[in-house]
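Summary of structural features
This is what each chain is made of:
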Amino acid sequence: MDSEKTVTEISDAIGARQSLTSQHLTHLRLHGLVNVERRGARPAGEQFFLSTFRLMGHVAKADGRVTEREIAAARGVMQSLRLNAAQVQLAIALFSEGKQPGFGMEREMNALRIACHSQPEILVVFVEIQLRFALAGSDMTGGARTRVVQAANLLGIAPQLFARMEAALRGGERAAS
């Protein structure tokens, strides 16, 4: 295809779901094989997926390096979300994007907030996933804590709700021990 096409046009041409086509285009873009120009907000589910793994990479890299424990925590999230092989590969690429020095957390959280504007409960689930990841990966210390708190603030999650979520997750960890 030599001309510009929308995701819908490509999906129709190849007979695939838009969400799957969009995931594949993201993977191709990450490898420099296609140029993508976004017009308008992504669907909430798609942006949720992209932001989840990009922010996890950003949080993991907060102290300058990614540990085996953080990688295992990221794989645990992938497993809990029941990702297929292609989604796991995309999640890994997105995680790597989030680790880059130029990653724009404010831009990413703004895109997620806009995509989920009519479903704010999705933002709470997003923050819970980030909390679980940070607790499993680094016990949410230092820069990881700072980044998760900042992301929650950017998404409009009240500090009191964040504190209750963290306490519940930490309490659940102790109860499971």
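Residues numbered from 1 in each chain as written. Predicted model: local features only at pLDDT ≥ 70, side-chain atom pairs only at ≥ 80, totals over all residues. Heavy atoms only, no water.

1. A short note on helix α7 (residues 120-138)
Counted only if it meets this: Numbering of helices and strands starts at the N terminus; helices are DSSP runs of H or I of at least 4 residues and strands are runs of E of at least 2. How far a helix is expected to stretch is found by multiplying one less than its residue total by 1.5 Å. Under the scheme applied here, a residue whose accessible area is under 20% of the maximum for its type counts as buried, over 50% as exposed, and between as partly exposed, the area being computed with a 1.4 Å probe on protein chains only.
For α7, spanning 19 residues, the distance from its first C-alpha to its last is 27 Å, which sits close to the expected 27 Å at 1.5 Å a residue. Of the residues making up α7, those classed as buried are L123, F126, V127, I129, Q130, L131, F133, A134, L135, G137 and S138. Downstream of α7 by one or two residues, D139 has phi in the positive range, about 55°.

2. Digging into the packing of helix α3 (residues 44-60) against helix α5 (residues 85-99)
Just so we agree on the cut-off: Every axis in this analysis is a line fitted to C-alpha atoms, fitted for helices over the stretch in contact. Angles between the N-to-C directions lie between 0 and 180 degrees. Should an angle lie under 35 degrees it is considered roughly parallel, over 145 roughly antiparallel, and from 65 to 115 roughly perpendicular; all remaining angles are considered oblique. By convention, the crossing between two helices is left-handed when the near helix turns anticlockwise from the far helix through less than a right angle, and right-handed when the turn is clockwise. Contacts are assigned to residue pairs with any non-hydrogen atoms lying within 4.5 Å of each other. Under the scheme applied here, ten amino acids are nonpolar (Ala, Val, Leu, Ile, Met, Phe, Trp, Tyr, Cys and Pro), four are charged (Asp, Glu, Lys and Arg), and all others, including Gly, are polar.
Here α3 crosses α5 at 45°, and the two axes come no closer than 6 Å. Comparing their axes, α5 and α3 come out oblique. The two elements α3 and α5 cross, and the hand of that crossing is right-handed. Across from F49, L50, F53, R54, M56, G57, H58 and A60 in α3, the residues of α5 making contact are Q87, L90, A91, L94, F95, E97, G98 and K99. For the contact of α3 with α5, a count of residues per class yields nine nonpolar, four polar and three charged.

3. Some points on the environment of V124
By secondary structure assignment, the location of V124 is in helix α7. Taking C-alpha positions, V124 is 9.2 Å from M165, a pair spaced 41 residues apart along the chain. Non-local contacts of V124, meaning those with residues more than four positions away in its chain, are made with I157, L161 and M165.

4. Points about the packing of aromatic side chains
Cut-off, in case you're wondering: What counts as a ring pair is set by centres within 6.5 Å for rings of Phe, Tyr and Trp (its six-membered ring), and what kind of pair is set by the plane angle: stacked under 30 degrees, edge-to-face over 60, tilted for all other angles.
If you walk through the whole model with that rule in mind, you get three aromatic pairs. Considering the side-chain rings of F95 and F133, the 6.4 Å spacing of their centres and the 85° angle between planes classify their relative orientation as edge-to-face. With F95 in helix α5 and F133 in helix α7, the pair connects residues that are 38 residues apart, well separated along the chain. Comparing F95 with F133 shows no difference in burial state: the two are buried.

5. So, the side chain of E70
Rules: Positive charges come from Lys and Arg, negative ones from Asp and Glu, while His and the chain ends are left out of the count. We define a salt bridge as a contact between a side-chain nitrogen of Lys or Arg and a carboxyl oxygen of Asp or Glu at a distance within 4 Å. Polar contact is the term for a pair of N or O atoms within 3.5 Å; when the atoms are in protein, one must be able to donate a hydrogen and the other to accept it, and sequence-neighboring residues count only if both atoms are side-chain atoms.
Residue placement: E70 occurs in helix α4 (residues 68-80). Of the side chains with opposite charge, R65 comes closest to the buried, unpaired E70, at an N-O distance of 6.7 Å. Within the structure, the side chain of E70 is placed 2.8 Å from the backbone nitrogen of T67, a separation counted as a polar contact. With sequence-adjacent residues up to four places away left out, E70 is seen in contact with A60, R65, F133, G137 and S138.

6. Quick look at the nonpolar core
Let me state the cut-off plainly: As used here, the term nonpolar core means buried Ala, Val, Leu, Ile, Met, Phe, Trp, Tyr and Cys residues forming a set that is joined through side-chain atoms within 4.5 Å.
Counting residues in each nonpolar core, the largest one holds 42 residues, and the members touching the most others are F53, V127 and F133. Looking at this core, the elements with two or more residues in it are α3, α4, α5, α6 (105-115), α7, α8 (142-154) and α9 (159-176). A total of nine residues in this core trace back to one element, the largest contributor, which is α3. Apart from residues lying up to four places away in sequence, V127 is in contact with A152, L155, I157, F162 and M165.

7. Section: the side chain of E166
Relative to the elements of secondary structure, E166 occurs in helix α9. Contact partners of E166, with chain neighbours within four places excluded, come to L131, M140 and R145.

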